[in-house]
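Geometric and topological summary
What follows is the residue order along each chain.
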Amino acid sequence: MTAPTSTQRRSPDASMELLNSIQRDTIDPEYAAASAGGQPGRSRAPFLVLLVGLLAGLMFATSGLQAGLAADDASRERSELITRIEQAEQRLQELNAESDRLNAEIEQLEADQLGSAHRPSQQDLVWSGSVAVTGPGIELNLEDNPRDPNGTIVDQDLRQIVNGLWVAGAEAITINGHRLSARTAIRQAGAAITVNYRSLTTPYHIQAIGDPDGLESGFMQSPGGSWLNFLRRNYGVGSTIRRSTELRLGADAGLDVDRAGVP
């Protein structure tokens with residue numbers, strides 16, 4: 001084989017031509033031409049402006065679409081809520097009507113089963129203290145003895161006197177304007193006396209409706225009258241009794257029972 005001549009030999013750095021080219025041409029030809037006073041290439045600025053404009057438009061369109069969807073959702077939820085409220089109001093009206101119907105049925109059943117014999121009479125209502133009453137009667141005033149500590153009226157004294165009036169035939173009784181009934185509690189609370197947990201102060205004004213003559217004489221002969229005489233003689237408790245042609249006793253504000261029945 002014939003050896004290659006000197007003219008056929010490659011340059012030692014021929015295989016490095018790509019790297020050498022990159023080193024020589026590091027600057028874009030257009031920038032090189034511009035710096036050399038030649039005609040520059042076409043500018044990319046319009047393309048960038050167009051690209052930014054497209055991106056901004058896409059963002060605004062997306063935001064608008066999302067806002068529209070949110071508004072539609074809110075409107076739909078509001079409509080659904082209004083519908084549910086209207087349905088609930090309609091259901092409430094139906095339940096109220098059903099409750100009225102059932103109450104009417106219960107009243108009719110009570111009337112059919114119990115009959116008029118078990119309905120409370122006017123006298124029952126008077127004794128229960130649930131209605132106001134007017135009529136003749138007596139008024140009894142009691143007052144502590146300020147000169148004797150033992151002359152202070154206590155709850156037991158009032159109970160004895162009130163029970164004496166009931167025994168004498170009283171139809172209705174009040175103490176300082178508080179109506180008494182079978183459920184009334186007369187208690188001592190420290191230095192005060194309470195009637196149905198309402199504090200009273202001396203003097204104690206007791207009114208009782210009934211026949212004035214029969215009430216007065218019947219009371220003085222009852223254990224309540226004897227108790228009052230004992231307080232007068234031994235402790236100097238003050239008391240007066242007078243008859244009245246017309247007394248008006250209000251109903252007990254704490255009572256609301258106007259019907260009675262048997263189990």
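Right above here is the structure, for reference.
The structure reproduced in this document is the subject of the present report. Everything quoted here is computed from the prediction, not taken from an experiment.

**Re the sheet that holds strand β1 (residues 133–143)**
Taken together, the five strands give an open sheet; going across it, the order is β3-β2-β7-β1-β8, and neighbouring strands pair in antiparallel fashion. The open sheet is flanked by β3 (178–179) and β8 (238–249), the only strands paired with a single partner.

**Overview of the packing of helix α6 (residues 212–221) against helix α7 (residues 223–235)**
Following both chains from N to C, one finds α6 and α7 inclined at 70°, their axes separated by 4 Å at the closest point. When the axes of α6 and α7 are compared, the pair comes out roughly perpendicular. For the pair α6 and α7, the contacting residues are Phe219, Met220 and Gln221 in the first and Pro223, Gly224, Gly225, Ser226, Leu228, Asn229 and Arg232 in the second. Of the residues contributing to the contact of α6 with α7, the split by class is four nonpolar, five polar and one charged.

**Considering the nonpolar core**
Counting residues in each nonpolar core, the largest one holds 25 residues, and the members touching the most others are Leu142, Leu158, Leu165, Ile173, Ile175 and Ile206. Within the residue set of this core, elements represented by two or more residues are β1, α5 (155–167), β2 (172–175), β5 (192–195), β7 (204–209), α6 and α7. When residues in this core are grouped by element, the largest group, four residues, is from α5. Excluding its chain neighbours within four sequence positions, the residues that come into contact with Leu165 are Ile138, Ala170, Ile173, Ile206, Ala208, Leu215 and Phe219. Grouped together as the second largest cluster of nonpolar side chains are five residues, Ala172, Ile209, Leu247 and Leu249 included.

**Let's talk about the sheet that holds β5**
Across the sheet, three strands lie side by side as β4-β5-β6; this open sheet has antiparallel pairing. Looking at strand neighbours, the two that pair on one side only are β4 (186–189) and β6 (198–200), the edges of this open sheet. With direction set aside, neighbouring strand axes in the sheet form an average angle of 40°. Examined bridge by bridge, β4 and β5 share four bridges and lie antiparallel to one another. The partner of Gln188 across the bridge, within β5, is Ile193. Most of the contacts of α5 go to β4, to which it runs at about 170°, and overall it touches β4 and β5.

**Focus: the side chain of Arg179**
Relative to the elements of secondary structure, Arg179 occurs in strand β3. One polar contact links the side chain of Arg179 to the main-chain carbonyl oxygen of Gly250, over a distance of 3.0 Å.

**Considering the pattern of salt bridges**
Counting across every chain of the model gives seven salt bridges. One salt bridge connects Glu98 with Arg101, and the closest N-O pair in it is separated by 2.4 Å. Remark: Arg101 and Glu98 occur in helix α3 (residues 45–114); sequence separation between them is three residues, near one turn of the helix. A relative accessible area of 34% places Glu98 in the partly exposed class. Glu216 serves as the salt-bridge partner of Arg243, at 2.6 Å between the closest nitrogen and oxygen. With Arg243 in strand β8 and Glu216 in helix α6, this pair connects stretches of sequence that are 27 residues apart. Classification of Arg243 as partly exposed rests on a relative accessible area of 45%.

**Concerning the side chain of Ser239**
Residue placement: Ser239 occurs in strand β8. For Ser239, the side chain forms a polar contact with the side chain of Arg232, separated by 2.4 Å. In contact with Ser239, not counting residues within four places along its chain, are Asn141, Leu142, Leu228 and Arg232.

**Comments concerning α5**
With 13 residues, α5 extends 18 Å from end C-alpha to end C-alpha; this agrees with the ideal 18 Å at 1.5 Å per step. Backbone geometry just downstream of α5 places Gly169 in the positive-phi region, at approximately 110°.

**Some details on the packing of α5 against α7**
Contact geometry of α5 with α7 gives a least axis separation of 7 Å together with a crossing angle of 140°. With respect to their mutual orientation, α5 and α7 come out oblique. For the pair α5 and α7, the contacting residues are Gln156, Asp157, Gln160, Ile161 and Gly164 in the first and Gly224, Trp227, Leu228 and Leu231 in the second. Split into classes, the residues belonging to the contact of α5 with α7 amount to four nonpolar, four polar and one charged.

About the criteria used
- Residues numbered from 1 in each chain as written.
- Predicted model: local features only at pLDDT ≥ 70, side-chain atom pairs only at ≥ 80, totals over all residues.
- Heavy atoms only, no water.
- Pairing = 2+ DSSP bridges.
- Helix = DSSP H or I, 4+ residues; strand = E, 2+ residues; numbered from the N terminus.
- Axes fitted to C-alpha atoms, helices over the stretch in contact; angles between N-to-C directions.
- Parallel < 35°, antiparallel > 145°, perpendicular 65-115°, else oblique.
- Contact = heavy atoms within 4.5 Å.
- Nonpolar A, V, L, I, M, F, W, Y, C, P; charged D, E, K, R; others polar.
- Core = buried A, V, L, I, M, F, W, Y, C linked by side-chain atoms within 4.5 Å.
- Buried < 20%, exposed > 50% of the residue type's maximum accessible area, 1.4 Å probe, protein only.
- Polar contact = N/O pair within 3.5 Å; in protein donor to acceptor, adjacent residues only side chain to side chain.
- Salt bridge = Lys/Arg side-chain N within 4 Å of Asp/Glu carboxyl O.
- Expected span 1.5 Å × (residues − 1).

Just distances and angles here, no functional claims.
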